[in-house]
Amino acid sequence: MSTYKVPTMAEMAGKGETPEVLFWVGCAGSFDERYKAVTQAFVKILNKVGVSFAVLGPEEACTGDPARRAGNEFLFQMQAVANIQVMNGYEVKKVVTACPHCFNTIKNEYPALGGNYEVIHHSQFLQQLINEGKVALQGGGEFKGKKITFHDSCYLGRANNVYEAPREVIKALDVELVEMKRCKTKGLCCGAGGAQMFKEPEPGKKDINIERTEEALATGAQAIAVGCPFCLTMMTDGVKNKEKEAEVKVYDLAEMIAKDMGI
Amino acid sequence: MSFLPQLVFLLIFAAAGWIISKRVKFLKRNILLGKDTERNDQADARWKTMLLVAFGQQKMFKRFIPAILHFFVYVGFIVINLEVLEFVLDGILGTHRLFAPLLGGLYLAAMNFFEFLAVAVLLSCVVFLIRRNIIKVERFTKPEMKGWPAMDGNLILIIEIVLMIAILTMNATDQILADRGIEHYLAIGTLAFSSMIQPLFEGMSDGALVFIERFAWWFHIVGILAFAIYVTYSKHLHIFLAFPNTWYSNLKPKGEMANMPEVTNEVNMMLGIPSETPSDPPAEIGRFGAKDINDLSWVNVLNAYSCTECGRCTSECPANLTGKKLSPRKIMMDVRDRAEEVGKSLDAGGNGLEDGKSLLGDYISKEELNACTSCNACVEACPVNIDPLSIILQMRRYVAMEESGTPSQWNAMFQNMETSFSPWKFSPSDRFNWAEKVKEEEMK
């Protein structure tokens with residue numbers, strides 16, 4: 001028996017190897033206590049399936065998304081140009097990431113600064129693995145037959161028109177997918193995008209994540225699936241606020257697949 | 001036969017044309033107060049978007065009831081204008097129902113179809129008035145709708161109702177006169193809808209009927225010309241601007257923010273990377289981001305003039321839904337109102353943009369800008385592809401880069417990113433720590 005491997009681009013370059021895909025972990029994936037479990041689940045899946053991948057490890061830096069959306073274009077470009085230099089240095093061709101904000105920025109905004117890669121979100125990557133039969137799902141796992149609702153992330157959905165991949169991944173778990181009233185193109189934001197994650201909300205009568213959590217709970221789902229670290233935080237906080245954390249769990253797609261695979 | 005009516009008609013027609021052309025010039029100049037931007041690529045995709053979204057009303061149908069009602073008014077507007085062509089020719093030539101002898105049986109069918117549409121428009125407008133004033137659909141009662149915007153909306157509906165009543169009255173009296181064999185009036189056959197109101201007029205004398213018929217004819221045609229002028233002062237401009245506005249839609253992924261090449265040059269210099277463009281000192285670096293309408297692109301200002309204040313954006317905005325000040329519709333109304341203010345000032349020989357006011361501060365507050373989650377719900381919701389988010393983000397750039405006016409928590413986030421390359425305050429050397437645990441775990 002061997003342990004899980006998490007090679008870095010530097011290690012692989014040292015051996016003269018190039019992985020097929022760079023797994024862009026992102027800041028939440030690296031530092032957020034809760035979300036690290038998602039990163040770990042995803043690398044376990046990659047190991048299990050035998051995908052040739054590497055991470056940047058300590059060489060990765062924030063894509064700059066929140067700085068750009070808060071208006072600080074200088075800081076965004078400083079981050080972006082540095083990241084692009086690193087990625088181009090390793091001749092990266094393909095990037096997969098679990099964070100829709102990193103996904104959007106690297107895919108849509110790095111080309112203007114000289115970073116051209118094929119970028120896919122982990123929901124799309126997982127869907128491909130499932131379709132190709134590379135992920136052997138037990139089907140009888142802990143989610144079987146359960147009611148699950150999926151919360152669309154703005155930066156995956158409206159921003160990049162990815163609506164079906166995460167749903168296909170969830171359906172592969174043999175669950176009952178229930179939709180919220182506002183879903184897909186009409187999906188309601190969790191409240192964290194546009195750099196809101198990093199400040200208190202403006203004065204109002206309610207927090208956005210509470211509004212969204214109420215809608216998710218109204219479906220009667222036993223779990224809320226998300227595909228974004230910020231959404232994960234916002235929905236988890238919302239469920240706690242409603243004192244439903246014992247009954248309703250919030251999971252990232254990769255966690256659900258890893259659980260079903262028994263890893 | 002006197003030529004006086006024809007002369008009066010021509011004069012009115014010419015005067016309306018002159019006023020409208022002045023208004024179009026004014027609007028065009030205001031829109032072009034915005035910065036130049038390139039939006040002429042992918043012509044095929046642009047025509048397709050325009051056909052689907054503007055002509056085909058694709059996005060309207062996300063909400064079925066208003067979409068159906070609006071569809072009647074829209075088709076009515078396009079089709080009844082064919083009848084206006086006959087009105088204009090009759091007016092100029094002094095004829096009456098010029099097309100009737102030419103089209104024969106087809107004319108009766110066309111008139112019946114027009115009448116059906118007139119009734120559909122009339123009923124739709126009545127329902128719209130009820131939605132605005134009695135049911136008070138929430139999106140029509142937001143703070144930015146108080147005063148003129150609410151009045152504007154009601155006026156448009158009332159004008160349309162009155163114009164439709166004029167058409168039906170004209171047809172009803174016209175056919176009574178024809179039946180009585182009055183000279184000049186042609187019997188064209190049974191008109192399904194106006195015949196229903198004929199009993200109202202049957203007891204009247206020939207003279208009274210001729211007066212009502214002529215009055216209705218003049219009222220309708222002069223009314224339409226007056227309405228066309230009114231539209232140029234109103235949110236109702238969308239009936240024309242929806243077409244160019246959708247043609248100039250943003251065809252890129254909605255999540256993409258436009259790059260700022262002037263920043264790239266400086267960043268490359270700081271990082272010692274040779275710029276692709278030779279580092280000639282740029283002739284004049286404008287402001288970073290947008291403080292006023294001239295910092296926005298002309299497409300942003302065209303968006304503002306195309307907005308008909310339906311409020312679908314605001315009703316789907318997560319910030320607005322949870323009681324924050326931000327309303328994407330208000331952003332668009334503010335841009336238009338500021339463009340109008342600057343335009344009027346320029347025409348009056350005033351200071352225009354240099355009037356001591358600006359879009360930021362005098363119209364749009366930082367509190368509004370800061371509430372946006374950039375979720376694109378407003379962009380997705382807009383039936384004519386208006387992009388309020390683009391304006392909000394450009395204004396945030398001004399606040400951050402020219403005023404250093406971002407909220408303190410964002411400043412802390414900036415600082416973390418500068419020093420530890422993450423929005424949170426963690427040591428960059430700990431970035432890869434998450435892997436330690438999983439690397440020790442045995443692979444199952």
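Residues numbered from 1 in each chain as written. Chains lettered and ligands numbered in written order. Predicted model: local features only at pLDDT ≥ 70, side-chain atom pairs only at ≥ 80, totals over all residues. Heavy atoms only, no water.

Trainee: Whenever I open this one, the nonpolar core confuses me. Can you help?
Mentor: Soluble, globular proteins show a tendency: their nonpolar side chains are buried together. If you look at the biggest cluster of nonpolar residues, it comprises 88 residues, and the most contacted ones within it are Ile293, Tyr305, Leu326, Leu359 and Met395 of chain B. For this core, the element with the most residues is helix 5 (residues 105–133) of chain B, which contributes ten residues. Ignoring any residue separated from it by four or fewer positions in sequence, one finds Leu326 of chain B in contact with Cys317, Ala319, Asn320, Ile331, Glu368, Ala371, Cys372 and Ile392 of chain B. Counting 74 residues, the second-largest nonpolar core is a separate cluster that includes Leu173, Ile224, Met234 and Met261 of chain A. (Core = buried A, V, L, I, M, F, W, Y, C linked by side-chain atoms within 4.5 Å. Buried < 20%, exposed > 50% of the residue type's maximum accessible area, 1.4 Å probe, protein only. Helix = DSSP H or I, 4+ residues; strand = E, 2+ residues; numbered from the N terminus. Contact = heavy atoms within 4.5 Å.)

Trainee: Quick question: what am I supposed to make of the sheet that holds strand 8 (residues 249–252) of chain A here?
Mentor: All names here are of chain A. Read from one edge of the open sheet, four strands run 6-5-7-8, paired in parallel fashion. Pairing within the sheet leaves two strands with one partner each, and these edge strands are strand 6 (176–178) and strand 8. Geometrically, the sheet is characterised by an average inter-axis angle of 35° between neighbouring strands, direction not taken into account. Inspection of the sheet shows strand 5 (residues 147–150) paired to strand 6 by three bridges, in the parallel sense. Opposite Ile148, over in strand 6, you have Leu177 as the bridge partner. Helix 8 (residues 164–171) rests against strand 5, strand 6 and strand 7 (223–226) of the sheet, and its axis sits at about 165° to strand 5. Across the sheet, helix 10 (residues 229–241) lies against strand 7 and strand 8, angled at about 175° from strand 8, the strand it touches most. (Pairing = 2+ DSSP bridges. Axes fitted to C-alpha atoms, helices over the stretch in contact; angles between N-to-C directions.)

Trainee: When you look at the packing of helix 2 (residues 43–55) of chain B against helix 9 (residues 238–247) of chain B in this model, what are you seeing that I'm missing?
Mentor: Relative placement of two packed helices is described by the angle separating their axes and the distance separating the axes. Residue and element names in this part refer to chain B. The interhelical angle for the contact between helix 2 and helix 9, taken along N-to-C directions, is 145°, at an axis separation of 7 Å. Viewed along their axes, helix 2 and helix 9 form a crossing whose handedness is right-handed. Mapping the contact onto sequence places Ala43, Arg46, Trp47, Thr49, Met50, Val53, Ala54 and Phe55 in helix 2 and Ala242, Phe243, Thr246 and Trp247 in helix 9. (Left-handed = near helix turned anticlockwise from the far one by under 90°.)

Trainee: Would you explain the environment of Met234 of chain A in this entry?
Mentor: Residue and element names in this part refer to chain A. Residue placement: Met234 occurs in helix 10. Between the C-alpha atoms of Met234 and Asp207, which are 27 residues apart in sequence, the distance is 10.0 Å. Beyond its immediate sequence surroundings of up to four residues, Met234 is in contact with Cys190, Gly191, Ala192, Met197, Asn209 and Thr213.

Trainee: Would you explain the packing of aromatic side chains in this entry?
Mentor: In this description, a pair of aromatic rings is defined by centroid distance and the angle of the planes. All names here are of chain B. Under the definition given, this model contains 27 aromatic pairs over all chains. Relative to Tyr74, the ring of Phe71 lies with its centre 6.3 Å away and its plane at 50°, an arrangement referred to as tilted. Note that Phe71 and Tyr74 are positioned in helix 3 (residues 64–93) at a spacing of three residues, about one turn of the helix. Its relative accessible area of 33% is what places Phe71 among the partly exposed residues. Note on Phe116 and Phe193: the rings are 6.2 Å apart at their centroids and 45° apart in plane angle, and the pair reads as tilted. (Phe/Tyr/Trp six-rings, centres within 6.5 Å; stacked < 30°, edge-to-face > 60°.)

Trainee: Help me understand the state of the cysteines, please; the structure alone is not making it clear to me.
Mentor: Simply put, the disulfide is a covalent bond whose two ends are the sulfur atoms of two cysteines. For the structure shown, the criterion picks out zero disulfides over all chains. Cys190 of chain A takes part in no disulfide bond, and the closest cysteine sulfur, belonging to Cys231 of chain A, lies 3.9 Å away. In this structure Cys372 of chain B is a free cysteine whose sulfur lies 6.5 Å from that of Cys378 of chain B, the closest cysteine sulfur available. For Cys372 of chain B, a relative accessible area of 7% gives the class buried. (Disulfide = S-S within 2.5 Å.)

Trainee: How should I be thinking about the domain arrangement of chain B in this particular structure?
Mentor: When the parts come together, some accessible area is lost, and that loss is often what is quoted as the size of the interface. Residue and element names in this part refer to chain B. According to the domain assignment, chain B consists of domain 1 (40–247) and domain 2 (287–405). Placing the centre of domain 1 and that of domain 2 at their C-alpha centroids yields a distance of 33 Å. Of the residues lining the interface, 23 residues belong to domain 1; the matching set on domain 2 comes to 26 residues. Summing the contributions of domain 1 and of domain 2, the shared interface buries around 2,100 Å²; its carbon and sulfur component is 47%. A salt bridge links Lys62 to Glu380; its shortest N-O distance comes to 2.9 Å. Between the two partners, domain 1 and domain 2, sit 18 residue pairs in polar contact (both at pLDDT 80 or more). For the side of domain 1 that touches domain 2, the secondary structure elements donating two or more residues are helix 2, helix 3 and helix 9. (Domains from an automatic or database assignment. Buried area = accessible area lost by both parts, 1.4 Å probe. Salt bridge = Lys/Arg side-chain N within 4 Å of Asp/Glu carboxyl O. Polar contact = N/O pair within 3.5 Å; in protein donor to acceptor, adjacent residues only side chain to side chain.)

Trainee: Whenever I open this one, the interface of chain A and chain B confuses me. Can you help?
Mentor: If you look at the interface, chain A gives 79 residues, while chain B gives 68 residues. Both sides together, the interface formed by chain A and chain B hides about 6,600 Å², and carbon and sulfur atoms give 64% of it. Inspection of the region where chain A meets chain B yields four salt bridges. Where chain A packs against chain B, one counts 33 residue pairs in polar contact (both at pLDDT 80 or more).

Trainee: Just to check I follow, could you spell out a nonpolar patch on the surface for this structure?
Mentor: Residues and elements named next belong to chain B. Residues Leu51, Phe55, Phe77, Ile78 and Phe240 make up a contiguous nonpolar surface patch of roughly 470 Å² in combined accessible area. Of all the secondary structure elements, the ones that give two or more residues to the nonpolar patch are helix 2 and helix 3. Within the secondary structure layout, Ile78 lies in helix 3. Under the relative-accessibility criterion, Ile78 is labelled partly exposed at 36%. (Patch = residues over 30% accessible without salt bridge, like charges linked within 9 Å, V, L, I, M, F, W, Y side chains within 5 Å. Areas by Shrake-Rupley, 256 points an atom, 1.4 Å probe, with all protein chains shown as cover.)

Trainee: Mind showing me how you'd approach the environment of Thr8 of chain A here?
Mentor: Turning to its location among the elements, Thr8 of chain A is positioned in the segment before helix 1 (9–14). Given the relative accessible area of 7%, Thr8 of chain A is considered buried. Along the primary structure Thr8 of chain A and Glu59 of chain A are separated by 51 residues, whereas in three dimensions their C-alpha atoms are 9.1 Å apart. If near-sequence neighbours (up to four positions away) are discounted, Thr8 of chain A is found in contact with Ala54, Val55 and Gly57 of chain A together with Phe432 of chain B.

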